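Architecture at a glance
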Amino acid sequence: TILKTLRTDGKILVPVDTAGRVLELVLILEQFWEQHHLTYPIYFLTYVSSSTIDYVKSFLEWMSDSIAKSFENTRENAFVLKNITLLVSKSELEKVPDGPKIVLASMASLEVGFSHDIFVEWAADSKNLVLFTERAQFATLARMLQSDPPPKAVKVTMSKRIPLVGEELAAYEEEQTQKRKEESLKASLIKEEEAKASLGEELAVGGPMIIDANIKQPSSKASGLKHGAFRDVLIDGFVSPPSSAGPMFPFYENTSEWDDFGEVINPDDYTIKDEDMDQSFMQVDGDLNGKLDEAAASLMLDTTPSKVVSSELTVYVKCSLVYMDFEGRSDGSSMKKILGHVSPLKLVLVHGSAEATEHLKEYCLKNVCPDVYAPQIEESIDVTSDLCAYKVQLSEKLMSNILFKKIGDYEIAWVDAVVGKTESDTLSLLPLSTTPPPPHKTVLVGDIKMADFKQFLASKGIQVEFAGGALRCGEYVTLRKVGDSSHKGGGNIQHIILEGPLSEEYYNIRDHLYSQFYPL
């Protein structure tokens, strides 16, 4: 579809969501262009921040490593974007020579962004194509265009930011001045309240003041209380109690907290401040060849008073409209298989139409789990599990008799104990009164892969092959893994069955099988 449009001198707009599968679309186009040696230009037009740049780079590096490993070759096979150009402003696209081209632009809804403006410009040309790769949200321009049949004309809102002038500018500046005055007044009031509260606390800590009647009290004029100039100063005539400490400047000791691993770190000390983020935003890597131009930077940092003027425009849709599902969502059959493998204890179905939800609910009740809920909007449900978990302590006497076995990163052991209570009334596991503990069946811990076990037996000189889903070992012994299809809600339960006549070969293979597990 893309090539047909390009070969008729048409332009192609692909509205994309930068948080969706756009990078996979980019890779598909790049690979197809390389394989067929095409020269039509492809542009990826989106708002770019430093975090977006890092994300794209890390993704492409990961793809480079993956492709290099898949070809079992060096980095020469690494994926490099040779046919796709990244643009970050509409002005850059306008400088591109006119002719057939592909533009992947945000946003996917066509409501705002670069895709909105490009659609308005290209929709009237019958040679052009708008290619949708995902089902748009309801009540959006993209969803209207995906309807069958599509509309012949649509109304769009065009918005433009213009600077304030004249009376509007004067009114804005007056409003900002008034806001600054109010904020300044509010800050001064808060500061004064804090000062009063601090003074009240100091007086409360110092205790009641003792006034010596023999000392002549200074006049209010002399003390300066009349004008409030020295209201926070300790004046002659007040005698502090003997138990009080002498006046001094406030001192706050900065003590560090320590735990078992050392000094406790405050995450705020390592948080990147907004000013640092702004600076890093402006430092764009050289790989983009200066794509973040001065116009885009000035738009982000522009503080000129402005307003947005909107107007409605009727766009006559003469271009081709094509929808191809590239969302990667699961269909009904896939969803049923996934739920069957998950084997949930309880299942809650949300979103979706009423018909689809009811169909899936009936299926899950019969084949997945007995507890399936499909709440309506704003309906609350209780999915509390009936299972109970208890926290118990292992007594020292019990721990001294336990033999642990190391399995990978863990240590496990079989415990025979009785539940009791400690002096603090907490549950504890205590050793059995009878010694020795009763015998138990051997528990084999671990998992086995049939393909790996086949190679292991072959290394031991045993002839082995797969036949009918089972592993044929030697002449008479067969090994198979059987799943419990009747089990629901408890995970994937599998049994290993070893069949064959009792012989030296049978016991030899059984010993090899047991060696793949950890016995308890």
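Everything numeric in this text was worked out from a predicted model, so none of it was measured.

**Looking at the packing of helix α14 (residues 450-459) against helix α15 (residues 504-514)**
Between two packed helices, both the angle of their axes relative to each other and the distance between the axes serve to describe the pair. At a minimum axis distance of 11 Å, the contact between α14 and α15 shows a crossing angle of 125 degrees. The orientation of α14 relative to α15 falls into the category oblique. At the point where α14 passes α15, the crossing takes the right-handed sense. Across the interface between the two elements, F453, F456 and L457 of α14 pack against I509, H512 and L513 of α15. A class-by-class count of the residues in the contact of α14 with α15 yields five nonpolar, one polar and no charged.

**Section: the pattern of salt bridges**
In the structure shown here, the tally under the stated rule is eight salt bridges. Taking the shortest distance from any N to any O, the salt bridge between D447 and K481 comes out at 3.7 Å. Remark: K481 occurs in strand β23 (residues 477-483) and D447 occurs in the loop between β20 (444-445) and α14; sequence separation between them is 34 residues. The exposure class assigned to D447 is exposed, which follows from its relative accessible area of 61%. Residues R480 and E499 are paired through a salt bridge, measuring 3.7 Å at the closest nitrogen-oxygen approach. Residue R480 is found in strand β23, and its partner E499 is found in strand β24 (residues 494-499); the two are separated by 19 residues along the sequence. A relative accessible area of 27% places R480 in the partly exposed class. Salt bridges sharing common partners tie together K90, E94 and E121.

**Section: helix α2 (residues 22-36)**
Between the first and last C-alpha of α2 there are 21 Å, a value that for 15 residues agrees with the 21 Å anticipated at 1.5 Å per step. H37, located one to two residues past α2, shows a positive phi value of around 55 degrees.

**Looking at the side chain of K90**
Residue position: K90 is located in helix α4 (residues 90-94). Residue K90 is classed as buried on the basis of its relative accessible area, which comes to 16%. If sequence neighbours within four positions are ignored, K90 has contacts with L45, F114, D117, I118 and E121.

**Notes on the pairing of strand β5 (residues 129-132)**
Judged by which residues are buried, β5 turns out to be covered on both faces: L129 and L131 on one side and V130 and F132 on the other are all buried. Sheet analysis places strand β1 (residues 11-15) next to β5, joined by two bridges and oriented parallel. Across the sheet, the residue bridging to L13 is V130, located in β5. Where β5 lies against strand β12 (residues 320-323), four bridges are found, and the strand directions are parallel. Looking at β12, one finds that V130 is bridged to L321.

**Focus: a nonpolar patch on the surface**
Together, V348, V350, I381 and V383 make up a nonpolar patch on the protein surface, roughly 300 Å² of accessible area in all. Here V383 is to be found in the loop between β14 (371-373) and β15 (393-394). Among the residues examined, V383 registers a relative accessible area of 39% and is labelled partly exposed.

**Examining the sheet that holds β15**
Pairing in this open sheet of three strands is mixed, and the strands run β15-β19-β18 from one edge to the other. Single-partner strands in this sheet number two, and they are β15 and β18 (417-421).

**Observations concerning the confidence of the model for the chain**
Taken as a whole, the chain shows an average pLDDT of 78; of its residues, 74% reach a score of 70 or greater. Predicted confidence for residues 205-235 stays below pLDDT 50, and this span has 28 contacts to residues more than four positions away or in other chains. Across residues 487-491, where pLDDT falls below 50, the model places nine contacts with residues more than four positions away in sequence or in other chains.

**What to know about the pairing of strand β19 (residues 427-431)**
Relative to β19, β15 is paired through two bridges, and the arrangement is parallel. Across the sheet, the residue bridging to L394 is L429, located in β19. Both β18 and β19 contribute to a ladder of five bridges, which runs antiparallel. Note on β19: the bridge partner recorded for V418 is L430. Taking the residues that link successive antiparallel strands as the turn, the β18-β19 hairpin has five residues, and the phi of D425 there is positive, at about 65 degrees.

How each quantity is defined
- Residues numbered from 1 in each chain as written.
- Predicted model: local features only at pLDDT ≥ 70, side-chain atom pairs only at ≥ 80, totals over all residues.
- Heavy atoms only, no water.
- Axes fitted to C-alpha atoms, helices over the stretch in contact; angles between N-to-C directions.
- Helix = DSSP H or I, 4+ residues; strand = E, 2+ residues; numbered from the N terminus.
- Parallel < 35°, antiparallel > 145°, perpendicular 65-115°, else oblique.
- Left-handed = near helix turned anticlockwise from the far one by under 90°.
- Contact = heavy atoms within 4.5 Å.
- Nonpolar A, V, L, I, M, F, W, Y, C, P; charged D, E, K, R; others polar.
- Salt bridge = Lys/Arg side-chain N within 4 Å of Asp/Glu carboxyl O.
- Buried < 20%, exposed > 50% of the residue type's maximum accessible area, 1.4 Å probe, protein only.
- Expected span 1.5 Å × (residues − 1).
- Pairing = 2+ DSSP bridges.
- Patch = residues over 30% accessible without salt bridge, like charges linked within 9 Å, V, L, I, M, F, W, Y side chains within 5 Å.
- Areas by Shrake-Rupley, 256 points an atom, 1.4 Å probe, with all protein chains shown as cover.
- pLDDT = per-residue confidence, 0-100.

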